[in-house]
Amino acid sequence: MPGIGLEFLLNTGGESEGLSDPGVENFRDKPFTAVARETGQNSRDARRDHTGPVRLTFDVLSMSSEDFPSIAAYRQAARLCLKKADRPKNEKEKGFFEQAIRALEAPRIRVLRIADFNTTGVRGPCEEGYPFHALAKSDSVSAKEDIGSGGSFGIGKNAALAVSDIQTAFISTRYHDDQGSDRVLCMGKTLFISHTDAEGKARRRKGYWGKLDGYLPLDNPAEIPAWLLRDTQGTSIFSACVRDDDADWQYEMAAAIIINFFGAIERQEMEFEIDNGTIKINRNTLQSLFQNPKVIEAVRLTNAGVAFETAKTLHGCLIDEKTTLTMLDVQGLGKVQMRVLLRDGLGYTIGIIRNGMYITDNLAKFNEPFKRFPLHREFAVVIEPDGITESEWFKRLENPAHDDLSADRITDPQLRVQGKRAFERLAKQIRQRIRELAKSEPTSSMELDELNDFFASDAAREWDDAGPETDPRVLKPTVIQKSPPKPRRAASSASEDDDPPIPGPGPLPPEPAPEPNPDPGPDSDPGPKPPRPQPQSRSIELQGERNVLLDGTSGKKRRLFFTSPVTGSVNLSVEATGLSNPDQLVVTAVSGGTLNGGKIEVACKRGERVALDIEFDSSYAGPVEMSAVVVPLATGAPS
């Protein structure tokens, strides 16, 4: 079509421009993740009807290379650039243009199309000061019309170039002008290297596809290729010759969308469709996608596991009915929403969200990294500005990657000081509110037998008190004594064989002593002996009972601790408590004792600590109680 094509800017100054562009390189590592995040926030800010969500679609088109606009001009420019790049120690540029030529000369070309709906489109004309000019023909200039928008640095638009093997993207939009008339604009942008064209003219690295006269976009629907033309209000971006990816691009994008926009999705402000609707991301599908194996695999391949788990935890904080909402009133900033959910397994997770998009987990630049929370219950916290004014403050402090906040980014000295003080106050209020809701103060003490091996015994402490330094020989692991029952021997109450009192976790009840037999004398005839009474079992109260679940056993194994008030064999049973009718638990294995008729039989010594590992027939992670009876001996009660 005459007057329409690809042309690179004239290089009248003879400048040498390489391939690397800071705006593109910023997204080179994870281009699919970047394009999902950056285009998502741009569309979120252009929402037209606030009663419905913004909808974005991500699809890969495959077309014949002959249907690609100005394909011959693109191929020629790539060859000319390769000719210049083919020099020693220039592997990066040489490799780029070799791949670009392969992609352009293939019989079919793959194009990634990102289209939004329920948006205003990008207003033109293509003149300085209008959003379309900022998007298509400006460097580091934002296309956003308010400071509180999702992104205002003007580099996010380059994400579409990073995902292209030829660093080329087309922008097509349909919008209403100031008079309400329907308008369309379509333009392509390419970043190669400075080079000399076929006619010997010096050209710069930047080229535009559209009207050759003045490097302007097409504004006549009849001149725009059908696959580039928007038929409804909104904007579409096309990344040409989309690069291959190790992960499935669909699920890599899905993971990036979930990680960054779970807040906006949950509140029905945004919806996404990927690969012609194969993947739909909305409020109804969000929770299931957190469990989707293909999404999880894409997270693994992109090393986004921590961010994904953080998003999952924070999303739970947003939807849980037990979440506490507090409105913080911060001097110099305004009102900030703070949601707190307390629950085991959440870790200490904090997220700052703005416009439904996750930003960061800390305020480290304001002396609060939110790293240490001793004696606190585990929690999830979501922080959000409450209104437009507060959102503008958060936006001023964001870095270009939208993952950190710092007052040093503000160039106005007075605003910088105000912002620093305001966010330091915010950090302190967040910390204080977490302390009020989650901190647990110690109320009592208990024996922690599993820590015995890490501390010296009382005897070692006494020796240390009398000497200049600790004898390392006494710092040994504590051995838990498991002694067999002593044989019964008759003795008076003053016998030296009696067990001396042993200090334990609590007072031990006295043991009943047998009545001594009277001496019959040498001449007496004892006659026939009466039958010996059958020994009777008796319950005993264990001292210092504790139990702990063993890691990695799903509740089937426990370690029990107690101190026996008697010496001898003791039968132990374990019951599930916390129920109206406690149930006895079936023990199938024991270490440190024996199983006898479903009971645990343990050899105990009065006043000594006992530790047992037991295994139930099925998983049970609830509270338990122990009960014990003395095993009667044939010769009498235990000593």
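Preceding this paragraph is the structure being described.
Residues numbered from 1 in each chain as written. Predicted model: local features only at pLDDT ≥ 70, side-chain atom pairs only at ≥ 80, totals over all residues. Heavy atoms only, no water.

Undergrad: Looking at this structure, how should I read the overall build of the protein?
TA: Assigned secondary structure in the protein consists of 13 helices and 25 strands. Taking all 639 residues of the protein together, the buried fraction comes to 45%. Long-range pairs, those at least 24 residues apart, make up 73% of the contacts in the protein with a sequence separation of at least 6. As presented, the protein carries roughly 33,200 Å² of accessible surface, and 49% of it is formed by carbon and sulfur atoms. (Helix = DSSP H or I, 4+ residues; strand = E, 2+ residues; numbered from the N terminus. Buried < 20%, exposed > 50% of the residue type's maximum accessible area, 1.4 Å probe, protein only. Contact = heavy atoms within 4.5 Å. Areas by Shrake-Rupley, 256 points an atom, 1.4 Å probe, with all protein chains shown as cover.)

Undergrad: What's the story with the pattern of salt bridges in this structure? I'm lost.
TA: Under the definition given, this model contains 29 salt bridges. Between Arg 55 and Glu 273 there is a salt bridge, with its nearest N and O atoms 3.9 Å apart. In this pair, Arg 55 is assigned in strand β2 (residues 54-64) and Glu 273 in strand β9 (residues 270-274), connecting sequence segments 218 residues apart. Residue Glu 273 is classed as partly exposed on the basis of its relative accessible area, which comes to 22%. One connected set of salt bridges, linked through shared partners, spans Glu 7, Asp 197 and Arg 203. (Salt bridge = Lys/Arg side-chain N within 4 Å of Asp/Glu carboxyl O.)

Undergrad: Explain the packing of aromatic side chains to me, please; I cannot follow it from the model alone.
TA: Geometrically, a pair of aromatic rings is defined through the distance of the ring centres and the angle of the planes. Counted according to the given criterion, the structure contains 18 aromatic pairs. Relative to Phe 379, the ring of Phe 373 has its centre 4.9 Å away and its plane inclined at 85°; by these criteria the two rings are edge-to-face. You can call Phe 373 buried: its relative accessible area is 5%. For Phe 379, a relative accessible area of 0% puts it in the buried group. Across the ring face of Phe 117, the terminal group of Arg 55 is positioned such that the distance to the ring centre comes to 4.4 Å. It is Arg 396 that lies over the ring of Trp 393; its NZ or CZ is 4.8 Å from the centre. (Phe/Tyr/Trp six-rings, centres within 6.5 Å; stacked < 30°, edge-to-face > 60°. Lys NZ or Arg CZ within 6 Å of the ring centre and 35° of its normal.)

Undergrad: I tried to follow the packing of helix α2 (residues 31-45) against helix α7 (residues 249-266) on my own but got confused; where do I start?
TA: The angle between the axes and the distance between the axes are what describe a pair of packed helices. Axis separation between α2 and α7 bottoms out at 8 Å; the angle between their running directions is 45°. Here α2 lies oblique to α7, going by the angle between them. You can see that α2 and α7 cross each other, and the crossing is right-handed. Of the residues in α7, those in contact with Phe 32, Thr 33, Val 35, Ala 36, Arg 37, Gly 40 and Gln 41 of α2 are Trp 249, Glu 252, Met 253, Ala 256, Ile 257, Asn 260 and Phe 261. (Axes fitted to C-alpha atoms, helices over the stretch in contact; angles between N-to-C directions. Parallel < 35°, antiparallel > 145°, perpendicular 65-115°, else oblique. Left-handed = near helix turned anticlockwise from the far one by under 90°.)

Undergrad: Please explain the nonpolar core as it appears in this structure.
TA: Soluble, globular proteins show a tendency: their nonpolar side chains are buried together. Core analysis: the largest hydrophobic core is formed by 86 residues, its most contacted members being Ile 281, Leu 363, Phe 423 and Leu 426. It is α7 that contributes the most residues to this core, 13 residues altogether. Contact partners of Ile 281, with chain neighbours within four places excluded, come to Ala 254, Ile 257, Ile 258, Ile 265, Glu 271, Phe 272, Ile 274 and Leu 289. Among the nonpolar cores identified, the runner-up in size contains 36 residues, and Met 63, Leu 82, Leu 218 and Ala 240 belong to it. (Core = buried A, V, L, I, M, F, W, Y, C linked by side-chain atoms within 4.5 Å.)

Undergrad: Help me out: how do you make sense of α7 in this one?
TA: Residue pairs spaced three or four apart in an α-helix point in one direction, given the helix's 3.6 residues per turn. Where α7 bends most, the angle comes to about 70°, and this point is Asn 260. With 18 of 18 residues buried, α7 is to be regarded as a mostly interior element. Gln 268 sits one or two residues past α7 and shows a positive phi near 60°. (Bend = angle between axes of the 7 residues up to and from the residue.)

Undergrad: Help me out: how do you make sense of the pairing of strand β15 (residues 379-385) in this one?
TA: A regular strand places its side chains on the two faces of the sheet in alternate fashion. Across the 7 residues that make up β15, a large majority, 7, are buried. Along β15, one buried face is formed by Phe 379, Val 381, Ile 383 and Pro 385 and the opposite face, lined by Ala 380, Val 382 and Glu 384, is buried too. As paired elements, strand β12 (residues 334-342) and β15 share 7 bridges and run antiparallel to each other. Pairing of Met 338 across the sheet is with Ile 383, part of β15. In terms of strand pairing, strand β13 (residues 348-354) meets β15 through 5 bridges, oriented parallel. Counterpart to Tyr 348 in the pairing with β15 is Phe 379. (Pairing = 2+ DSSP bridges.)

Undergrad: Where do I start with the pairing of strand β4 (residues 168-176) in this structure?
TA: Burial analysis of β4 places 8 of its 9 residues in the buried class, which makes it a mostly covered element. The sheet contact formed by β4 and strand β5 (residues 182-191) spans 9 bridges and is antiparallel. Each bridged residue has a counterpart across the sheet, and for Phe 170 the counterpart in β5 is Gly 188. Counting the residues that bridge the hairpin from β4 to β5 gives 5 residues, and of these Gly 180 lies at a positive phi of roughly 85°. Both β4 and strand β8 (residues 234-240) contribute to a ladder of 6 bridges, which runs antiparallel.

Undergrad: I tried to follow the sheet that holds strand β21 (residues 587-591) on my own but got confused; where do I start?
TA: Hydrogen bonds between backbone groups are what pair the strands of a sheet, and the pairing can be parallel or antiparallel. On the basis of which strands lie adjacent, the open sheet formed by 4 strands has the order β17-β18-β24-β21 and antiparallel pairing. The open sheet terminates on both sides in strands that have one partner only, identified here as β17 (543-549) and β21. Between one strand axis and the next, the sheet turns by 25° as a mean value, whatever way the strands run. Taken together, the 5 bridges between β17 and strand β18 (residues 557-563) define a ladder with antiparallel strand orientation. Looking at the pairing, Leu 549 lines up with Arg 558 of β18.

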